Number of protein chains: 2
Amino acid sequence: MAKRTTPMNLSFIMIFMIVLCASNMFVCRGEWEPSWSSKAAEKAEAVAAIPCSGHGRAYLDGLILKGHDEPVCECHQCYSGSDCSKFSSDCAANAGSGDPYFLEPFWMRHAASSAILVSGWHRMGYTYSDGSYISELLVKYIKNVHSIVGNAITEGKYIIFGSGSTQLLNAAVYALSPNSSDSPAKVVATAPYYPVYRTQTEFFNSRDYSYEGDTSLWKNKTDSNSIFIEFVTSPNNPDGKLTRGILEGPNVKSIYDRAYYWPHFTAIPSPADDDLMVFTISKLTGHAGSRLGWAIIKDKAVYQKMLTYLDMNTMGVSREAQLRALKLLDVVVEGDGKQLFQFAYSTMRDRWTRLKQIISKSKRFSLQKLSPQYCTFFKRQRDPSPAYAWVKCERQQDKNCYEILEAAGINGREGSLYSADNRYVRLSLIRSQDDFDILINKLKNLVAKE
Amino acid sequence: MAKRTTPMNLSFIMIFMIVLCASNMFVCRGEWEPSWSSKAAEKAEAVAAIPCSGHGRAYLDGLILKGHDEPVCECHQCYSGSDCSKFSSDCAANAGSGDPYFLEPFWMRHAASSAILVSGWHRMGYTYSDGSYISELLVKYIKNVHSIVGNAITEGKYIIFGSGSTQLLNAAVYALSPNSSDSPAKVVATAPYYPVYRTQTEFFNSRDYSYEGDTSLWKNKTDSNSIFIEFVTSPNNPDGKLTRGILEGPNVKSIYDRAYYWPHFTAIPSPADDDLMVFTISKLTGHAGSRLGWAIIKDKAVYQKMLTYLDMNTMGVSREAQLRALKLLDVVVEGDGKQLFQFAYSTMRDRWTRLKQIISKSKRFSLQKLSPQYCTFFKRQRDPSPAYAWVKCERQQDKNCYEILEAAGINGREGSLYSADNRYVRLSLIRSQDDFDILINKLKNLVAKE
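Everything numeric in this text was worked out from a predicted model, so none of it was measured. (Residues numbered from 1 in each chain as written. Chains lettered and ligands numbered in written order. Predicted model: local features only at pLDDT ≥ 70, side-chain atom pairs only at ≥ 80, totals over all residues. Heavy atoms only, no water.)

Some points on the domain arrangement of chain A
- You can read the domains of chain A as domain 1 (26-91), domain 2 (136-332) and domain 3 (338-448).
- Computed from C-alpha coordinates alone, the two centres of domain 1 of chain A and domain 2 of chain A are separated by 37 Å. (Domains from an automatic or database assignment.)

Listed below in structure tokens is the structure:
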């Protein structure tokens, strides 16, 4: 009798097991099961699963409406509605700020490898185990990224972190100043330049340094008693040109803002080896909100003065930001270490190409001239892919280019902000695809009207 | 026949299901299964599971030894070895810095509710949806904590974040200064005081303000043309006294450092309602490493000047730090909103009691006098529980109390750091239980020798 029942039992049990295995892998291959981390993981996945029609984003710390327990969608410019599905065509294109949302799709594709789970007791103290405010491991990762990209020489140099490059710029000005009130350092920059160099230097109103206008005013006039601190942005913000310092002489110190010296935005002709270079994760991985930058410093005394500045100002940089940067850079160097750069470069190059096609049809507007160049990272000649368009209004009567574009529904930034003529406007090309597409459409219409 | 085989089949299937249910809940009650978050969650739990003998901690961003793929244990002072199991009794007690590790056990007990999982694309932009650098939701949570504790009035006031209270102290000095170089503001504090007020004000060497020594030098002398900015720390660091401002008059502005105005460290006699108050998460939840503080400001113009300072200095505070603070405060207000405070108070009160018992046996050393007081939060009279012991060497010849304690293997901080006599030493009571236990043993031996 047993014999006759066995096949029936077996088949029954087999089916039972197949169903179980299908419904859940655990039984079949002993997988890890979350314990205390599952609540945080579930919440993060639930928020990430809110679609917002692909025209917005819900965040863990997004505003929660009364009576709801889920964050609301934060819609891209020109999109609205609870699910960001309503598009209003008469809304202006946001080409103003340099929020690097163009890299967001890369991180969504690398969701599993780029996520971090932070326990409630992670790094509660002021310092790391070596007594510093600086993660030794993150320094190691940063050096590794630079050596893979070949955009900066870090060997035998000191690395310090700041709350974004913003904090490091003033820390560098302080550190390069003589700190003797009788002869404050003269801080200069070459137009068109990133406004923060001037506004920040003036804002802190220190006895140690003062902003002294455009570099050109001081050419061949640096043989004075005062120290000159020249800001050099390379590639330059706003126009993307690879620039060099202008002033020369024993009294001249330079701060090289290298925020955009990545394959995303420029060819890398050779590794930068300046005495003081400033970088930021904002323009490398696109995480502007983390407020994490770093300086690479040749001189030990300058490094130590910058360390003191960071201690006095903020006692270093948030440990959460350092932990996150560590994970992001871990993904950047994955495999051959080229994935992020290939994605970033092709995105920016395609945007520049589309923009150039439109402006090429125009007599009224022109773009900065950038030519293909050999890149030691990609090991080939490559097309330009700047972070910003530096648009010029060519017509005699178009004295304020910002207003011309604004009237056509395009919000850029006035040339005068960069100490340049108002015939120029900076248009940000590194924002979300939605922002860029709206910008392109507005420009098409504007040029078509000529 | 079927009848005869059924019980056997059923029992077989029943046992099979029980085993499955025991090994994994999924089948029995459809639980959520992690997808992209599981790698991060697994890593965090693996690191948290490294025991370090209870005398150290392994962190996600801890240094990884060559050939290993797990972070190493970072051992508490006086403990060593790969698992922190080796104790060396001849090692000095660390009672120096105010790392608030005493709260770590609370967060380990609330592991599930206090963890956050940060996706790779979380808040990449510079601003929140309202265009600010400040999480509106976090502001809401902070106001809620203050209203539950009753330690500060926030209604009709402005809240701004800084990278720790450190950054806010100088932002406040800037905002209260007249910003006219002909009459810089005079910054003062009352000894013994937290050294950063002086060192930071002097360090930035601004034309807008200067440090002008002890408050007592200016009593009844404020009827001048200059603005006076008085730092008031209440409860005071180092001595835990609830203090008030000393200077009076139309030219006098005060910055109230309320870092320690929590039930952990003091009775709350009434909600603070000062014009400018500074708080920090470091002394509320114990997360010094997050670098997140906030100021509560009555005057809109002062608030706006502080906002400008934050923009110019760091473009706000790390979004990761703000997200984490949000989660931590979420746990703080859980249930009746008393759990954290009860834990923190009983821990600090017990430490103070143990310390007092030892010093009471001594003629050589004395502690600051603190008396029980009614607390509106606990709704009862409560014993003192200060963050620091302000020890005095009573013997005529013990002019340098720091050296006396150092010789006995106790590292505190010299009175002179707080602009006080070197007969005083500050001992930190808010560090880990290991640090406190070592401190107590060293003190016992020292007092026993009298």
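Following the structure, the description resumes.
Details of the pattern of salt bridges
- Enumeration according to the criterion identifies 30 salt bridges over all chains in this entry.
- Sharing partners across several salt bridges, the network here consists of Lys157, Asp273, Asp275 and Lys298 of chain A. (Salt bridge = Lys/Arg side-chain N within 4 Å of Asp/Glu carboxyl O.)

Details of unusual backbone geometry
- Geometrically, the link from asparagine 237 of chain A to proline 238 of chain A is a cis peptide bond, its omega value of 25° lying close to zero.
- As for its placement among the helices and strands, proline 238 of chain A is situated in the loop between β10 (228-233) and β11 (252-257).
- Backbone torsion omega between serine 234 of chain B and proline 235 of chain B reads 0°, so that peptide bond is classified as cis.
- With respect to the helices and strands, proline 235 of chain B occurs in the loop between β10 (228-233) and β11 (252-257).
- For serine 419 of chain A, which is not glycine, the phi dihedral falls at a positive 60°.
- Along the chain, serine 419 of chain A turns up in the loop between β19 (413-414) and β20 (424-428).
- A relative accessible area of 31% means that serine 419 of chain A is categorised as partly exposed.
- Positive phi, close to 80°, is recorded for cysteine 78 of chain B, a residue that is not glycine.
- Mapped onto the secondary structure, cysteine 78 of chain B falls in the loop between β2 (74-75) and β3 (79-80). (Helix = DSSP H or I, 4+ residues; strand = E, 2+ residues; numbered from the N terminus. Buried < 20%, exposed > 50% of the residue type's maximum accessible area, 1.4 Å probe, protein only.)

A look at the sheet that holds strand β14 (residues 365-366) of chain A
Residue and element names in this part refer to chain A.
- With respect to topology, four strands assemble into an open sheet ordered β14-β17-β20-β19, the strand pairing being antiparallel. Unpaired on one side and paired on the other, β14 and β19 mark the two borders of the sheet.
- Pairing of strand β17 (residues 388-393) with β20, which is carried by five bridges, proceeds in the antiparallel orientation. Within β20, the position partnered with valine 391 by the bridge is valine 425. (Pairing = 2+ DSSP bridges.)

Here's the deal with the side chain of arginine 123 of chain A
- In this structure, arginine 123 of chain A sits in the loop between β6 (116-118) and α5 (136-149).
- Side-chain polar atoms of arginine 123 of chain A contact the side chain of aspartate 61 of chain B, separated by 2.9 Å.
- With residues up to four places along the chain from it excluded, the contact list for arginine 123 of chain A reads Tyr128, Ser129 and Arg319 of chain A together with Tyr59, Asp61, Gly62, Glu74 and Gly289 of chain B. (Polar contact = N/O pair within 3.5 Å; in protein donor to acceptor, adjacent residues only side chain to side chain. Contact = heavy atoms within 4.5 Å.)

Topic: the pairing of strand β9 (residues 209-214) of chain B
All names here are of chain B.
- In terms of burial, β9 is a largely internal element, five of the six residues being buried.
- Direction of pairing for strand β8 (residues 185-189) relative to β9: parallel, over a ladder of four bridges. Paired with valine 187 across the two strands is tyrosine 211, which belongs to β9.

Digging into the sheet that holds strand β14 (residues 365-366) of chain B
Residues and elements named next belong to chain B.
- As summarised here, the arrangement of the four strands in space is β14-β17-β20-β19, forming an open sheet in which the pairing is antiparallel. Strands with a single pairing partner mark the edges of an open sheet, and in this sheet they are β14 and β19 (413-414).
- Pairing of β14 with strand β17 (residues 388-393) involves two bridges; the strand directions are antiparallel. The residue of β17 that forms the bridge with serine 366 is lysine 392.

Focus on the state of the cysteines
Residue and element names in this part refer to chain B.
- A full pass over the atoms with the stated rule returns eight disulfides over all chains.
- Residue cysteine 52 pairs covalently with cysteine 73 via a disulfide, S to S 2.0 Å. Judged by the sign of its S-S torsion, about -90°, the bond between cysteine 52 and cysteine 73 is left-handed. Taken as a pair, cysteine 52 in the loop between α2 (38-48) and β1 (56-57) and cysteine 73 in the loop between β1 and β2 lie far apart in primary sequence, 21 residues in all.
- Residue cysteine 73 is classed as buried on the basis of its relative accessible area of 14%. (Disulfide = S-S within 2.5 Å.)

Digging into the relation of the copies chain A and chain B
- The transformation that overlays chain A on chain B combines an axial shift of 0.0 Å with a rotation of 180°, and the residual RMSD is 0.0 Å. Both chain copies can therefore be described as sitting about a two-fold axis.
- Both copies share a contact surface, since 100% of the interface residues of chain A are interface residues in chain B too. (Least-squares fit on C-alpha atoms with pLDDT ≥ 70 in both.)

Topic: the interface of chain A and chain B
- Chain A puts 106 residues into the contact, and the matching count from chain B is 106 residues.
- One can count six salt bridges joining chain A with chain B.
- For arginine 324 of chain A, the salt bridge is made with glutamate 320 of chain B, and the minimal N-O distance between the two is 2.6 Å.
- On the surface where chain A and chain B come into contact, there are 53 residue pairs in polar contact (both at pLDDT 80 or more).
- The element contributing the most residues to the side of chain A that touches chain B is helix α1 (residues 2-23) of chain A, with 10 residues.
- The residue makeup of the side of chain A that touches chain B, split by class, is 50 nonpolar, 36 polar and 20 charged.
- The pairing of β6 of chain A with strand β6 (residues 116-118) of chain B spans three bridges and is antiparallel. By the bridge assignment for β6 of chain B, valine 118 of chain A is matched with isoleucine 116 of chain B. (Nonpolar A, V, L, I, M, F, W, Y, C, P; charged D, E, K, R; others polar.)

Side note on the packing of helix α6 (residues 164-176) of chain A against helix α7 (residues 196-203) of chain A
Residues and elements named next belong to chain A.
- Running from N to C, α6 and α7 cross one another at 60°; their axes reach a closest spacing of 10 Å. As judged from the angle between their axes, α6 and α7 are oblique. For the pair α6 and α7, the sense of crossing is right-handed. Within the contact between the two elements, α6 uses Thr166, Leu169 and Asn170 and α7 uses Val196, Tyr197 and Gln200. (Axes fitted to C-alpha atoms, helices over the stretch in contact; angles between N-to-C directions. Parallel < 35°, antiparallel > 145°, perpendicular 65-115°, else oblique. Left-handed = near helix turned anticlockwise from the far one by under 90°.)

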